[in-house]
Amino acid sequence: MSPTHTRLIIHPSPLRQMNALVALCHFCELHGPRTLFCTEALHPPSPTPSQAGVPIHGDRESDREGEGLTMRANSSATQRGDMCEGCRSLPASHPGFVSVDSETGIRFLSHQHPREPQLFSVVRQACVRSLSCEVCPGREGPIFFGDEQHGFVFSHTFFIKDSLARGFQRWYSIVMVAMDRIYLINSWPFLLRHLRLTIQSLQSTALKVFDSEQCVCPQRAVRMNSAFSPAVFPHQRSGNAARSLPSLTQHTNLWASLHSSFSWLLKACGSRLTEKLLEGAPTEDTLVLIERQTGRSTDEQEKDSDTNVYLSISEIKHRYTTKYLQSSDLYSGFLFAEEKAGGHPGPKFRSLRHLRQVLGTTDFRQLAWHVLMGNQVILRGADPGLIQSAFRMLKALLPVGCVRSVPYSTQYEEAYRCNFLGLRPDVPIPTHVSSSEFSVLVDVVNVERGSLYSAACDEDILSFYQFNISSANSQPTDKGPTLLNKIEVALSNENLSVDVVSHCLLCLKEEWMNKVKVLFKFSKVDGRGREDTQKVLALLGATGPGEEDNVRLLKFWMTGLSKTYKSHLMMAVRGGERSLSQ
């Protein structure tokens, strides 16, 4: 008998299909928290083989049926008219607003409530929590809350001026609900920036209406002169205690405008983050580039005090390994960042091997030695394009975290600010720098020519420039470090293409970064002594010829470790100490 194959088909719930949902909520003085307006994204279903090419009929009827379900789920009290003007945006008979993304086929639907009853309860709970217990100090501003069962919520509460309301203002919130916590956390700065624009627009419009109404009939004086009665207090304000948001802003097309705003927000927020499958754990270069790209390093978290979001190490690790571009894309952007600032005509260095051929073997080794040791490399000349191309090649020798570059400046910058510095030819070098063994100066001097060069000889750099290298360092550079010896072997092998040499360099850097991690854990975290450290260096192959240069390189490269790795390592050590003490 042939084996039986069982095909398991799983139909995910509407809650799991939802990427995100945006809703406008209002705290009614008569009925409490209510959902006013909701925009959701509906993804086109993947057609089965039997349905391929067959148009789907009755789609509008299904939408209307879903809207009817949500209205019925809003309890029978709603049908009895227990919904005032301030609690209502669109009537049940209104078809709502629909926008279709022509690129992806995603439809954005807006109505007072979601289409599915299950989503209705989720949005309802988010609405109640955002306008009751989950608020930030001052009751205005962003906050994050939620759980795996009911979804995670980004909420921004705010006030709208109303001359007839208690305290002359009404309380609203805009919430974004999603099941993906990492997605919402990564979208925090983007959501905060764009939701504040929408909120400020509503507040400024309502403030103009409020000021005009106060000029006609100042409500403060009216209330102070009228008799107070708790029983009739809600009806003392001209019999209109609940006013709709369009009446507060005098915006007749408010709901259509909010539909456009929320639809764009869902589309833009979804397209700005892409998921890429990374092969294995991210490299240190990838982690550092992500920290720089997203601005979520430890120092920047302290400055970003208005977000009130703090990530655990496990969340950071999951976020870094799932939510960003591939490391090759990030690294390419890092290398070419300086040249993107503006194209410069003239000859440029094409590769590290090309740079070695132009400078010569001896001068290149001296320059590469200073780069690997962490000394300041200064290129001074009149061609910023040539200088930046040289920096792009030399930056490939170091981990990303060790690179601090000022591509082209009109004044000298200290070594603690940058280890790659490009200068105009007329910028003087301070005496303490020129006499220091921790810097190297490369003067790019123009060679006098009688006529302008043609485009055909653009690449003949030596025809137009002379490179004078000077440094106060008297230490010989022919012994080490070991990494530099291996790099020179790869560059001098003409059988290896430029791409192969580039991949070889990446492998060598990764090998030595692993040695740096071991040394950092052993010496900085565990606090071992000098003798033990010397044994580890021997185990890592850093002793022998060029040992002093190897140790100096490892110590410099420690500064290039990502903050994510360091904090993760320290937390793991502290966790181990706590478990041993218990």
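Shown above is the structure to which this text applies.
Conventions adopted
- Residues numbered from 1 in each chain as written.
- Predicted model: local features only at pLDDT ≥ 70, side-chain atom pairs only at ≥ 80, totals over all residues.
- Heavy atoms only, no water.
- Phe/Tyr/Trp six-rings, centres within 6.5 Å; stacked < 30°, edge-to-face > 60°.
- Helix = DSSP H or I, 4+ residues; strand = E, 2+ residues; numbered from the N terminus.
- Buried < 20%, exposed > 50% of the residue type's maximum accessible area, 1.4 Å probe, protein only.
- Lys NZ or Arg CZ within 6 Å of the ring centre and 35° of its normal.
- Contact = heavy atoms within 4.5 Å.
- Polar contact = N/O pair within 3.5 Å; in protein donor to acceptor, adjacent residues only side chain to side chain.
- Core = buried A, V, L, I, M, F, W, Y, C linked by side-chain atoms within 4.5 Å.
- Salt bridge = Lys/Arg side-chain N within 4 Å of Asp/Glu carboxyl O.

Some words on the packing of aromatic side chains
Phase 1 of the analysis: The tally for this structure, following the rule as stated, stands at eleven aromatic pairs.
Phase 2 of the analysis: Relative to Phe-262, the ring of Phe-37 has its centre 6.4 Å away and its plane inclined at 45°; by these criteria the two rings are tilted. In this pair, Phe-37 sits in strand β2 (residues 32–42) while Phe-262 sits in helix α9 (residues 254–271), placing the two residues 225 residues apart along the sequence.
Phase 3 of the analysis: Consider the rings of Phe-158 and Tyr-172, whose centres lie 6.0 Å apart with planes at 20°: the pair is stacked. In this pair, Phe-158 sits in strand β6 (residues 151–161) while Tyr-172 sits in strand β7 (residues 169–178), placing the two residues 14 residues apart along the sequence.
Phase 4 of the analysis: Exposure remark for Tyr-172: the relative accessible area of 0% places this residue in the buried category.
Phase 5 of the analysis: An aromatic cluster of three or more residues is present, and its members are Phe-37, Phe-97, Trp-255 and Phe-262.
Phase 6 of the analysis: Over the ring of Phe-210 we find Lys-161, and its NZ or CZ is 5.3 Å from the ring centre.

Some words on helix α15 (residues 352–359)
Residue pairs spaced three or four apart in an α-helix point in one direction, given the helix's 3.6 residues per turn.
Phase 1 of the analysis: Buried residues dominate α15, accounting for seven of its eight residues.
Phase 2 of the analysis: For α15, the complete set of buried residues consists of Leu-352, Arg-353, His-354, Leu-355, Arg-356, Val-358 and Leu-359.
Phase 3 of the analysis: Looking at the buried positions of α15, the neighbouring elements they touch are α16 (361–373), α17 (384–395), β12 (465–470), α19 (482–492) and α20 (498–525).
Phase 4 of the analysis: In the segment just after α15, Gly-360 is the residue with positive phi, at about 100°.

Description of the side chain of Asp-162
Phase 1 of the analysis: Structurally, Asp-162 can be placed in the loop between β6 and β7.
Phase 2 of the analysis: We classify Asp-162 as buried; its relative accessible area is 1%.
Phase 3 of the analysis: In this structure the side chain of Asp-162 is engaged in a polar contact, spanning 2.5 Å, whose partner is the side chain of Arg-170.

Describing unusual backbone geometry
Phase 1 of the analysis: For Gln-250, which is not glycine, the phi torsion reads 55° and is therefore positive.
Phase 2 of the analysis: Its location among the elements puts Gln-250 in the loop between α8 (245–249) and α9.
Phase 3 of the analysis: Assessed through its relative accessible area of 55%, Gln-250 is described here as exposed.

Considering the nonpolar core
Phase 1 of the analysis: Phe-349, Leu-372, Val-377, Leu-397, Leu-398, Phe-467 and Trp-557 are the most contacted members of the largest nonpolar core, which has 58 residues in total.
Phase 2 of the analysis: Tallying contributions element by element places α20 first for this core, with nine residues.
Phase 3 of the analysis: In this structure, Leu-372 is in contact with Leu-397, Leu-398, Pro-481, Leu-483, Leu-484, Leu-553, Phe-556 and Trp-557, ignoring residues within four places of it in sequence.
Phase 4 of the analysis: Grouped together as the second largest cluster of nonpolar side chains are 38 residues, Ile-174, Met-176, Leu-245 and Leu-258 included.

Structural notes on the pattern of salt bridges
Phase 1 of the analysis: For the structure shown, the criterion picks out 15 salt bridges.
Phase 2 of the analysis: Measuring nitrogen to oxygen at the nearest pair gives 2.7 Å for the salt bridge that ties Glu-134 to Arg-129.
Phase 3 of the analysis: Take Arg-129: its relative accessible area is 22%, and that puts it in the partly exposed class.
Phase 4 of the analysis: A salt bridge links Arg-417 to Glu-413, with the shortest nitrogen-to-oxygen separation between them at 3.9 Å.
Phase 5 of the analysis: Exposure remark for Arg-417: the relative accessible area of 51% places this residue in the exposed category.

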